[in-house]
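Chain by chain, the residues run as shown.
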Amino acid sequence: MDSQPEDGRAEDGRAEARQAHARQAHASQADGSAFRPHRVVVLAMDGLLPFELGIPHRIFGRPKDALGRRLYEVVTCSIRPPGPVRTDADFSITVEHGPELLATADTVIVPASYELGPVFEEGVLTPDLAAALAHIRPGTRLASICTGVFVLAAAGYLDGRPATTHWAETDQLQALFPKIDVDPNVLFIDDGDVLTSAGVAAGIDLCLHMVRRDHGSAIANEVARRTVVPPHRDGGQAQYIERPVPEPQVATTTGARAWALGRLHEPIQLRDMAAQESMSVRTFTRRFREEVGVSPGQWLTQQRVERARHLLESSGLSVDQVARDAGFGTAQSMRQHLQTALGVTPTAYRRTFRSGSGPKGYDDAGALR
């Protein structure tokens with residue numbers, strides 16, 4: 001789920017950042033002599049969570065191009081010279097690179113740490129951390145997992161932007177950094193050149209999203225299958241927040257969701273989805289939000305966007321046909337939804353991600369010639 005800022009000019013710039021990274025990734029594949037894997041540098045800090053440290057290596061370490069070349073190079077560095085870094089477990093890890101490695105990154109990922117000290121308590125970087133971050137080149141894509149967002153926030157990268165973190169820490173993030181638009185409900189936020197995610201497993205969602213953004217759904221879905229995780233999780237983290245008095249969940253909305261997924265190309269009314277579970281519209285809407293984290297309408301739009309992406313990548317259907325098959329009805333409606341969700345038009349998306357085709361392979365309506 002992406003969060004979009006209200007300022008149109010800012011969003012234009014962030015949409016361009018998304019497209020620039022995708023163009024860079026695909027240009028490397030098109031010209032074998034210029035091929036260079038996208039370098040992802042993971043910043044390891046004392047108190048790190050081993051699980052979160054391993055997420056970028058697992059997700060970005062899998063994708064390959066048609067020639068079998070790895071699309072990403074994943075390396076780890078510390079904020080100090082090479083040596084041991086404490087974890088939150090009963091062992092330490094040895095990191096072989098110091099902070100100067102950050103200067104070579106195309107993407108920097110900051111996982112969570114339980115020893116952020118003044119960063120988490122006061123919103124101030126330590127001298128070592130500030131010196132390390134100073135190596136990052138302008139234009140580098142930045143991402144955080146869970147409380148790693150506090151590092152990006154303290155460095156000033158998130159001022160005036162939307163961001164998220166683990167739901168239990170969103171109040172602290174907002175209190176320390178009032179200039180940030182903190183959203184406690186989403187699994188991750190893509191704001192162009194800066195991305196943030198909720199806790200732990202949401203880091204998987206975020207990394208898969210970046211692979212999808214860089215190389216399309218087919219490659220991201222293959223990584224998800226090999227990792228044995230869903231390629232796209234429904235809803236946001238609101239569904240995981242503990243409630244003081246949980247309501248017994250006798251009936252669910254699972255059947256209605258399966259029913260709707262088989263009919264995305266048709267008009268789907270809220271009352272029809274509620275009828276699949278023999279619930280009133282009001283009860284169904286409330287139960288749906290509790291289980292999925294978003295409204296039925298928002299969920300339907302997400303599924304239709306994913307369907308449109310798949311068809312644009314894998315078929316020769318015209319934009320009008322894709323719009324109908326994905327349930328948007330008209331090409332104009334689909335353009336608006338894809339522009340909002342992805343920051344690009346259907347034709348631009350197809351030009352970037354359809355295998356073996358370029359801009360000259362399609363006419364002005366987005367139909368395969």
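Scoring rules and cut-offs
- Residues numbered from 1 in each chain as written.
- Predicted model: local features only at pLDDT ≥ 70, side-chain atom pairs only at ≥ 80, totals over all residues.
- Heavy atoms only, no water.
- Pairing = 2+ DSSP bridges.
- Helix = DSSP H or I, 4+ residues; strand = E, 2+ residues; numbered from the N terminus.
- Axes fitted to C-alpha atoms, helices over the stretch in contact; angles between N-to-C directions.
- Contact = heavy atoms within 4.5 Å.
- Buried < 20%, exposed > 50% of the residue type's maximum accessible area, 1.4 Å probe, protein only.
- Phe/Tyr/Trp six-rings, centres within 6.5 Å; stacked < 30°, edge-to-face > 60°.
- Lys NZ or Arg CZ within 6 Å of the ring centre and 35° of its normal.
- Arc of directions from axis to C-beta.

Colleague: Which residues make up the sheet that holds strand β2 (residues 72–78), and what values do they have?
Modeller: One open sheet holds the six strands; their spatial order is β2-β1-β5-β6-β10-β9, and the pairing between them is mixed. In this open sheet, the two edge strands, each paired with only one partner strand, are β2 and β9 (188–190). Mean inter-strand twist for the sheet, computed between neighbouring axes without regard to direction, equals 15°. As defined by bridge partners, strand β1 (residues 38–44) adjoins strand β5 (residues 107–110) across three bridges and the pair is classed as parallel. Looking across to β5, one finds that Val40 is bridged to Thr107. Each of β1, β2 and β5 is contacted by helix α2 (residues 50–60), which is oriented at about 165° to β2, the strand it contacts most. The strands that helix α7 (residues 202–215) touches are β2, β5, β6 (141–144), β9 and β10 (194–197); relative to β10, the one it contacts most, it runs at about 150°.

Colleague: Quick rundown of the pairing of β10? Include the residues and the values.
Modeller: Residues Val194 and Thr196 line one face of β10 and the alternating positions Leu195 and Ser197 line the opposite face, and both faces are buried. Both β6 and β10 contribute to a ladder of three bridges, which runs parallel. Each residue of the ladder has a partner; that of Ala143, found in β10, is Leu195. Here β9 folds back onto β10, and the loop between the two strands holds three residues, one of which, Gly192, carries a positive phi near 85°.

Colleague: Which residues make up the packing of aromatic side chains, and what values do they have?
Modeller: Scanning the model with the defined rule gives five aromatic pairs in all. Ring geometry for Phe288 against Trp299: centres 5.8 Å apart, planes inclined by 70°, an arrangement best described as edge-to-face. With Phe288 in helix α11 (residues 281–292) and Trp299 in helix α12 (residues 296–314), this pair connects stretches of sequence that are 11 residues apart. A relative accessible area of 1% means that Trp299 is categorised as buried. An aromatic cluster is present here, built from Phe120, Phe150 and Phe177 joined pairwise through their rings. The ring of Phe35 carries Arg69 above its face, with NZ or CZ at 4.0 Å from the centroid.

Colleague: Can you explain helix α15 (residues 346–353)? Please cite residues and give values.
Modeller: All of the buried residues in α15 are Pro346, Thr347, Tyr349, Arg350 and Phe353. Burial along α15 is one-sided: seen end-on, the buried residues are contained in an arc of 160°.

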